[in-house]
Amino acid sequence: MTLKACDGSDTNKKAAYYHNPGSQPLALMTTGQLLDQASQRWPDRDAIISPYEGKALSFLQTKIQAEQLGAGLLKLGLKPGDRLALLGVNSVHWYLTILAAAKAGIITVIFNPAYRAHELYSGLKCVRAKGIVTDHKFKTQDYPSMLMSLLDSTHSAPHGQPIKCTELPDLSLVIVATEEKLPGCYRFKDVQNLMSDTKVIKDIQSKIQPDDPVCIQFSSGTTGSPKATLLSHFGTINNVILTGQRMGFDNELSTLCLQVPFFHLFGSSLGILCGLHFGITLILSSPTFNPQHTADTLQNYKCDILYGTPTMFIDLCRELNKSFLTSAKVREACSNVKKILVGASFCPSEVCKELMDKFANCSLMNGHGLTETSCICFLTFQGDCLETKLKTVGRLMEHSEVKIVNREGKMVNFGTPGEACFRSYGNLLEYWGDEEKTKEVKSSSGWFKSGDIMILREDGYAQIVGRIKDMINRGGENIFPTEIEEFLLEHPQIINAQVYGVSDERMGEEVAASIQLCKPNTLSESTLKSYCKEKISHFKIPKYVRFVNQYPMTSSGKVQKYKLREEHEKELKQHFLKN
């Protein structure tokens, strides 16, 4: 597989290494200082608006309330360096908590709100969390009840008192965003109002260093169990500064429709921290992604920036299609959007084309990032040619190095697929409590092994081929699912395609696909295979095809291929048993 530059020239046979030194120094700053700076520059400008909660905060109000909350957390016994878990959907109290903890020197542990009891227990135990701030209820989740089920009920304390737990001995504070007084829990608003004197916050903030840890971000879990990734102030802040500058956020104050979750770096870093540095107002379209609410937010708040994953944009375009041609208000809302960032997974060309059609005035930018690198590693430029935007994830970010290696860790040539390794200011400090796993991915010379299979160009642009764990080995032939998915998406009846390997006694693995159609029952398995013949190699044609209405997803919008594989193998086993 060869990747060509926009001018059509082939990449040369040289070692696939690229360094982007950048043209300006990195910023030596903490999250608390970033918030102070924002409150001074734009004191009265809205920092965050949450229509569904009926709440809004200016940058100055955010600073004041974050410092009060931070002082309250310290009053309850937390200390700098302690871990405070955060569990919930997008909300103003989530926003305040992560900033309050950063100002108090407390490490925030960010949990997926979809977690169930056993996942929550494992995470809390792993990081030895001293406290947790949580929502009360969302959909079928009752978070305080879930937490109390983990604790020895005989030790449950009355409302507003520390708890004692034999299974989680470090956990003493459960803080719930609710009006109710719940056993063993503090109310969020009571903690927020506990201290009016915030001098202790200013004293602690003066001692926090940019290289100090700021949060533990759990990886998405697309290929298995999430890992507790420890990140620094320095890494996360500089990544959003460089990302925002490449996107052109320096030019004017903007309004961002935030449909991605806070618990993912896409929302917490590129949302919250970008907002603070560039004076961007965040509009929370809904507690979790909802395409109808996103469409409403674009109309009601004239947002000029929109973030999302490919799956989110597929659903949003479906929603917009219902009224795009008949509603002038919808078309006007789409025309107001000037910048779209697609991330979390590679965006298929057909989805990009539809976005550019719907949002005709926007600059569409593809990005690729990892939790372990403090988010964005590659990003396109506004002026990149169409082919580059459709076929690559952009150019390596400033102050970063990348090399592409084979299974033996030796560099391959430009234009050759291999594993991408990164060395930069943003690399993880460690996987919390897992020295062995940290050593597996982080070399003594500072390189992080990403697990991503990429093709690198000499100019620093890259094409995503897939994940090492997703690569299919069919009888010794290495097959990259992304290539097949891109091909399948060219079929007019297919809206999404996920390709993976399933176990096979003879070949080791066979190619399988789960397909989403634009309209149900418009394509059969045999018709699809006929379509593939003569267009792609025979060994790449999916042997097993299933049509699905939805995919198992992480809450950050990524497809969990390992679950698709498990489901498909189970179905195949049942089918073979019957026949």
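Notes on the structure follow. A quick note: this is a predicted structure, and the numbers were derived from the prediction, not measured.

By the element assignment, S268 lies in helix α9 (residues 265-278). Residue S268 is classed as buried on the basis of its relative accessible area of 6%. What S268 contacts, discounting residues up to four positions off in sequence, is W94, I98, Q217, P261, F262 and L273.

Quick look at the pairing of strand β4 (residues 83-87) now. Within β4, five of the five residues are buried, which leaves it mostly tucked inside the rest of the structure. The pairing of β4 with strand β5 (residues 107-111) spans five bridges and is classified as parallel. Within the sheet, the bridge partner assigned to L84 lies in β5 and is T108. Handedness of the crossover joining β4 and β5 through helix α3 (residues 92-104) is recorded here as right-handed. Both β4 and strand β6 (residues 131-135) contribute to a ladder of four bridges, which runs parallel. Looking across to β6, one finds that A85 is bridged to I132.

On to the packing of aromatic side chains, then. Evaluated as defined, the whole model comprises ten aromatic pairs. On the basis of an interplanar angle of 70 degrees and a centroid distance of 5.9 Å, the ring pair of F378 and F422 is categorised as edge-to-face. Highlighted residues: F378 in strand β18 (residues 375-379) and F422 in strand β21 (residues 418-424), separated in sequence by 44 residues. The pair formed by F378 and F422 is uniform in burial state, with each residue classed as buried.

Overall, the coordinates contain 27 salt bridges when judged by the stated rule. Here E354 ties to K358 by a salt bridge, and the two come within 3.7 Å at their closest N and O atoms. Placement of the pair is E354 and K358 together in helix α13 (residues 349-358), with a separation of four residues, close to one helical turn. With its nearest N and O atoms 3.4 Å apart, the salt bridge here joins E440 to K437. Of this pair, E440 and K437 both sit in helix α15 (residues 435-441), three residues apart, which is roughly one turn of the helix. The class of E440 is partly exposed, set by a relative accessible area of 42%. A network of salt bridges, in which partner residues are shared, links D36, K63, E67, K103 and K202.

What follows deals with the side chain of N90. Structurally, N90 can be placed in the loop between β4 and α3. Given the relative accessible area of 3%, N90 is considered buried. For N90, the side chain forms a polar contact with the main-chain oxygen of V260, separated by 3.0 Å. Side-chain polar atoms of N90 contact the backbone nitrogen of F262, separated by 2.7 Å.

Another point: unusual backbone geometry. Here K302, not a glycine, exhibits a phi torsion of approximately 50 degrees, which is positive. Of note in the backbone geometry, H399 takes a positive phi value of approximately 60 degrees without being a glycine. Examined against the element boundaries, H399 turns out to sit in the loop between β19 (395-396) and β20 (400-405).

Ordered by their spatial adjacency, three strands build an open sheet running β27-β28-β29, and the pairing between neighbours is mixed. Both edges of this open sheet fall to β27 (494-504) and β29 (544-547), since each of them pairs with a single strand only. Neighbour to neighbour, the strand axes of the sheet diverge by 25 degrees on average, direction disregarded. Looking at chain direction, β27 and strand β28 (residues 508-517) are connected through ten bridges and run antiparallel. The partner of N496 across the bridge, within β28, is Q516.

Moving on to empty space enclosed by the protein. Under the counting rule described, the total for this entry stands at two cavities of 30 Å³ or more. The calculated volume of the largest cavity comes to roughly 130 Å³. Along the walls of the largest cavity sit 14 residues, with I98, V214, C215, S268 and L273 positioned nearest its centre. For the lining of the largest cavity, the secondary structure elements donating two or more residues are α3, β11 (213-218) and α9. For the lining of the largest cavity, the leading source of residues is α9, giving five residues. Class assignment for the residues of the lining of the largest cavity results in nine nonpolar, five polar and no charged. The space that makes up the second largest cavity amounts to roughly 60 Å³. If you go around the second largest cavity, the residues you meet are N239, T373, I376, C377, L396, S400, E401, F422, S424 and Y425. Among the secondary structure elements, those contributing two or more residues to the lining of the second largest cavity are β18, β20 and β21. Of the residues in the lining of the second largest cavity, the class split is five nonpolar, four polar and one charged.

A separate point is the nonpolar core. Within the largest apolar cluster, 97 residues are counted, with the highest numbers of intra-cluster contacts made by Y307 and F378. In terms of residue count, α3 provides more of this core than any other element does, ten residues in total. Beyond its immediate sequence surroundings of up to four residues, Y307 is in contact with F249, L256, C257, L258, Q259, V260, F266, L270, G271, C274, F313 and L341. If you look at the next biggest cluster of nonpolar residues, it comprises 30 residues, including L124, L168, L171 and W432.

About the cut-offs
Residues numbered from 1 in each chain as written. Predicted model: local features only at pLDDT ≥ 70, side-chain atom pairs only at ≥ 80, totals over all residues. Heavy atoms only, no water. Helix = DSSP H or I, 4+ residues; strand = E, 2+ residues; numbered from the N terminus. Buried < 20%, exposed > 50% of the residue type's maximum accessible area, 1.4 Å probe, protein only. Contact = heavy atoms within 4.5 Å. Pairing = 2+ DSSP bridges. Right-handed = clockwise from strand over helix to strand, strands pointing away. Phe/Tyr/Trp six-rings, centres within 6.5 Å; stacked < 30°, edge-to-face > 60°. Salt bridge = Lys/Arg side-chain N within 4 Å of Asp/Glu carboxyl O. Polar contact = N/O pair within 3.5 Å; in protein donor to acceptor, adjacent residues only side chain to side chain. Axes fitted to C-alpha atoms, helices over the stretch in contact; angles between N-to-C directions. 1 Å grid on protein atoms, 1.4 Å probe; cavity = no way out; pocket = protein on both sides within 12 Å on 5 of 7 lines; lining within 4 Å. Points joined across faces, edges and corners; volume = space filled by probe spheres on them. Nonpolar A, V, L, I, M, F, W, Y, C, P; charged D, E, K, R; others polar. Core = buried A, V, L, I, M, F, W, Y, C linked by side-chain atoms within 4.5 Å.

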